[in-house]
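Chains, contacts and geometry: an overview
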Amino acid sequence: MHTLEQEAHQRDAGDPGHRHLFHVPPADGGRHPEAAYLAGNSLGLQPRATRDDLLADLDAWARLGVEGHLEAKRPWLPYHELLTGPAARLVGARPAEVVVMNSLTVDLHLLMVSFYRPAGRRTRIVIEDTAFPSDSYAVRSQARFHGLDPDTTVVRLTPRAGEDNLRTSDVCDLLAAEGDTVALVLLGGVNYLTGELLDIPAITAAGRAAGAVVGWDLAHAAGNVPLALHDWDVDFAAWCSYKYLNSGPGALAGVFVHERHLGRTDLPRFEGWWSTEATTRFEMTPVSRPPATVEAWQISNPPILAMGPVRTSLEIFDSVGMPALRERSLRLTDWLGRLLDEVTADRPLTVVTPRDPARRGCQLSVRIGAGSAAELAKRLRYEHGVIADAREPDIIRFAPVPLYSTYHDCWRVAEALAATVPAVTR
Ligand SMILES: Cc1ncc(COP(=O)(O)O)c(C=O)c1O
């Protein structure tokens with residue numbers, strides 16, 4: 001047996017994680033029965049408990065019909081409240097600041113209705129040049145909605161020439177210099193492409209000091225890195241639950257609005273019957289009475305069958321805890337990083353994620369110097385059973401997820417890259 005493979009097995013024995021709680025897909029190729037699943041940054045694996053929990057909610061509907069709203073074991077009327085505590089703990093928020101609802105881009109729009117209020121010179125929206133396209137489209141459409149030109153309203157932050165990642169100081173300097181023209185800063189906490197973890201408290205402080213509102217897309221941060229949204233004074237944030245939160249394809253999103261904005265009557269908000277105080281919901285009055293919590297941003301009655309998998313998954317995070325997960329994540333990603341250092345040294349492959357563990361979550365992104373990333377991902381899958389996520393033209397992303405990935409999975413990534421990408425003699 002290869003000594004590094006042996007070391008991987010030893011590390012797994014000493015630091016096993018919680019893989020037993022998840023379904024791991026079978027491999028489509030290679031010599032191992034299970035896939036080395038490194039794509040949890042795209043779609044997390046299914047917790048074993050999800051199916052039974054979901055069946056219990058389906059059974060309640062079958063047995064009770066409409067009476068399930070009050071009589072189901074987990075009554076549907078207050079069902080969303082079951083998610084509030086665990087979601088708040090996950091992102092470092094107070095329960096009144098967090099609600100699970102809708103999907104991520106929809107929530108970003110609903111939040112921008114309240115928090116993107118261009119006025120006078122202060123109209124611009126700052127995003128990353130490598131923002132996820134949905135966010136780019138969302139902010140451009142918000143600019144148009146306000147009658148503004150998206151090309152001049154949206155400022156796209158780029159790294160310095162020859163660098164792959166943003167420097168916090170550059171972002172803060174820009175906000176200090178031009179902040180009086182900025183209405184909204186909307187950045188990804190962990191960048192989807194590079195895996196860079198931005199300094200959320202520092203950038204939030206700089207944006208707010210400049211008089212802008214600061215919101216965060218935490219799709220790649222929630223469940224990946226520890227967050228303290230309340231203490232960091234973040235204005236608002238949203239995240240999806242289908243990546244690190246393992247709640248299934250297209251799963252519901254989470255929303256955070258800082259306490260200081262709750263109950264404000266000067267903020268515009270779109271409303272529906274779920275925006276009103278729960279106790280008044282069935283009074284069927286023509287005018288709403290929104291609560292002084294983030295639930296005022298809810299609109300429709302929540303989809304119970306979609307909430308179930310989020311509830312099941314958040315219970316796992318609650319029982320394991322983000323501090324323990326982060327510790328394992330640092331160990332696992334460091335191991336993958338060291339293996340990648342070896343395999344990339346003499347191949348046209350470059351790790352673009354910051355080397356400093358404080359500036360990244362678990363994802364390591366590799367730029368390939370030749371050929372197509374999608375083609376490489378296909379070969380890794382069908383020849384080696386390694387599932388990774390390609391972003392054309394040239395990035396392939398590997399995320400050893402601390403809940404279920406193994407040291408041996410990481411070793412398989414390196415072995416598969418070594419076998420697939422020819423070494424070059426320098
Ligand atoms: C950073 C980021 N923002 C937004 C989205 C879009 O999410 P949704 O389709 O759930 O709105 C994604 C999807 O992967 C994402 O990674």
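In short, a report on the structure.

Cut-offs used in this document
- Residues numbered from 1 in each chain as written.
- Predicted model: local features only at pLDDT ≥ 70, side-chain atom pairs only at ≥ 80, totals over all residues.
- Heavy atoms only, no water.
- Helix = DSSP H or I, 4+ residues; strand = E, 2+ residues; numbered from the N terminus.
- Rg over C-alpha atoms; globule rule 2.2 N^0.38 Å.
- Buried < 20%, exposed > 50% of the residue type's maximum accessible area, 1.4 Å probe, protein only.
- Contact = heavy atoms within 4.5 Å.
- Areas by Shrake-Rupley, 256 points an atom, 1.4 Å probe, with all protein chains shown as cover.
- Lys, Arg positive; Asp, Glu negative; His and termini not counted.
- Charge placed at Lys NZ, Arg CZ, Asp CG, Glu CD.
- Right-handed = clockwise from strand over helix to strand, strands pointing away.
- Pairing = 2+ DSSP bridges.
- Near = heavy atom within 4 Å.
- Polar contact = N/O pair within 3.5 Å; in protein donor to acceptor, adjacent residues only side chain to side chain.
- Nonpolar A, V, L, I, M, F, W, Y, C, P; charged D, E, K, R; others polar.
- Axes fitted to C-alpha atoms, helices over the stretch in contact; angles between N-to-C directions.
- Phe/Tyr/Trp six-rings, centres within 6.5 Å; stacked < 30°, edge-to-face > 60°.
- Lys NZ or Arg CZ within 6 Å of the ring centre and 35° of its normal.
- Parallel < 35°, antiparallel > 145°, perpendicular 65-115°, else oblique.
- Left-handed = near helix turned anticlockwise from the far one by under 90°.

In this section: the overall build of the protein chain. Along its length, the protein chain carries 13 helices and 13 strands. Relative to the 2.2 N^0.38 estimate, which gives 22 Å for 426 residues, the radius of gyration of the protein chain is 22 Å and therefore close to what a compact globule would have. On the principal axes, the C-alpha backbone points of the protein chain span a range of 75 × 60 × 30 Å. Burial statistics for the protein chain: of 426 residues in total, 54% are counted as buried. Nonlocal contacts in the protein chain, meaning residues at least 24 apart in sequence, comprise 72% of its contacts between residues at least 6 apart. Looking at the protein chain as shown, the accessible area adds up to about 17,900 Å², and 55% of this sits on carbon and sulfur atoms. Of the side chains in the protein chain, 43 bear a positive and 53 a negative charge, and the two mean positions are spaced by 2 Å.

Moving on to the pairing of strand β6 (residues 213-217). Where burial is concerned, most of β6 is hidden: five out of the five residues are buried. As for the winding sense of the linkage, the β-α-β connection from strand β5 (residues 182-188) through helix α9 (residues 200-209) to β6 is right-handed. Note that β6 and strand β7 (residues 236-240) share three bridges and pair parallel. Paired with aspartate 217 across the strands is alanine 238, a residue of β7.

This brings us to the site of the ligand. Around the ligand sit Leu104, Thr105, Phe132, Ser134, Asp135, Asp217, Ala219, His220, Tyr242 and Lys243, and that is every residue in its neighbourhood. Take threonine 105: an N or O atom from its side chain is 2.5 Å from an oxygen atom of the ligand. In the environment of the ligand, an oxygen atom lies 3.0 Å from a nitrogen or oxygen atom belonging to the side chain of histidine 220. Residue assignment for the shell around the ligand shows that the elements contributing at least two residues are α5 (104-115) and α6 (133-145). Of the residues assigned to the shell around the ligand, the class counts are four nonpolar, three polar and three charged.

This part takes up the environment of histidine 80. Here histidine 80 lies in the loop between α3 (68-71) and α4 (81-91). In this structure, the C-alpha to C-alpha distance between histidine 80 and leucine 364, residues 284 residues apart in sequence, is 34 Å. With residues near it in sequence (within four places) discarded, histidine 80 still touches Trp274, Glu295, Gln298, Pro302 and Met307.

Right, let's get into the environment of proline 309. When you line up the elements, proline 309 lands in helix α10 (residues 304-320). With 264 residues separating them along the chain, proline 309 and leucine 45 place their C-alpha atoms 12 Å apart. In this structure proline 309 touches Thr50, Leu54 and Ser247, once residues within four positions along its chain are discounted.

With the exception of glycine, most residues fall at negative phi, and the peptide bonds are largely trans. Of note, the amide linkage connecting glutamate 392 to proline 393 takes the cis form, showing an omega dihedral of 5°. You can see proline 393 is positioned in the loop between β12 (389-391) and β13 (395-398). Positive phi, close to 55°, is recorded for asparagine 102, a residue that is not glycine. By secondary structure assignment, the location of asparagine 102 is in the loop between β2 (98-101) and α5. In this structure asparagine 102 comes out as partly exposed when scored by relative accessible area, which is 29%. In this structure, aspartate 233 takes a positive phi of about 65° despite not being glycine. Within the element layout of this structure, aspartate 233 appears in the loop between β6 and β7.

Here the focus is the sheet that holds strand β3 (residues 124-128). Sheet architecture is open: seven strands sit in the order β2-β8-β7-β6-β5-β3-β4, paired in mixed fashion. Both edges of this open sheet fall to β2 and β4 (154-157), since each of them pairs with a single strand only. Averaged over all adjacent pairs, the angle separating strand axes in this sheet is 20°, with direction ignored. Of the pairings in the sheet, the one linking β2 to strand β8 (residues 253-257) comprises four bridges and is antiparallel in character. The residue of β8 that forms the bridge with methionine 101 is alanine 253.

With that settled, consider the packing of aromatic side chains. All told, the structure shown has eight aromatic pairs when counted by the stated rule. Plain terms: the ring middles of tyrosine 37 and tyrosine 404 are 6.4 Å apart, the flat faces sit at 55° to each other, and that makes the pair tilted. In this pair, tyrosine 37 is assigned in strand β1 (residues 36-37) and tyrosine 404 in the loop between β13 and α13 (407-420), connecting sequence segments 367 residues apart. Given the relative accessible area of 11%, tyrosine 37 is considered buried. Judged by its relative accessible area of 1%, tyrosine 404 falls in the buried class. Measuring from ring centre to ring centre gives 6.3 Å for tryptophan 335 and tyrosine 407, while their planes differ by 65°; the resulting arrangement is edge-to-face. One end of the pair, tryptophan 335, is in helix α11 (residues 322-345); the other, tyrosine 407, is in helix α13, with 72 residues separating them in the sequence. The burial state of tryptophan 335 is the same as that of tyrosine 407; both residues are buried. An aromatic cluster of at least three residues, connected via ring pairs, comprises Phe22, Tyr37 and Tyr404. Positioned above the aromatic ring of tryptophan 297, the side-chain terminus of arginine 269 is 5.4 Å from the ring centre.

On to the packing of α4 against α10, then. Axis separation between α4 and α10 bottoms out at 9 Å; the angle between their running directions is 45°. By the angle between their directions, the pair α4 and α10 is classed as oblique. For the pair α4 and α10, the sense of crossing is left-handed. When α4 is examined against α10, the residues Leu82, Leu83, Pro86, Ala87, Arg89 and Leu90 are found in contact with a partner set consisting of Met307, Val310, Arg311, Leu314, Phe317 and Asp318. Residues belonging to the contact of α4 with α10 are distributed by class as follows: nine nonpolar, no polar and three charged.

Without other data, these values stay purely geometric and don't point to any function.
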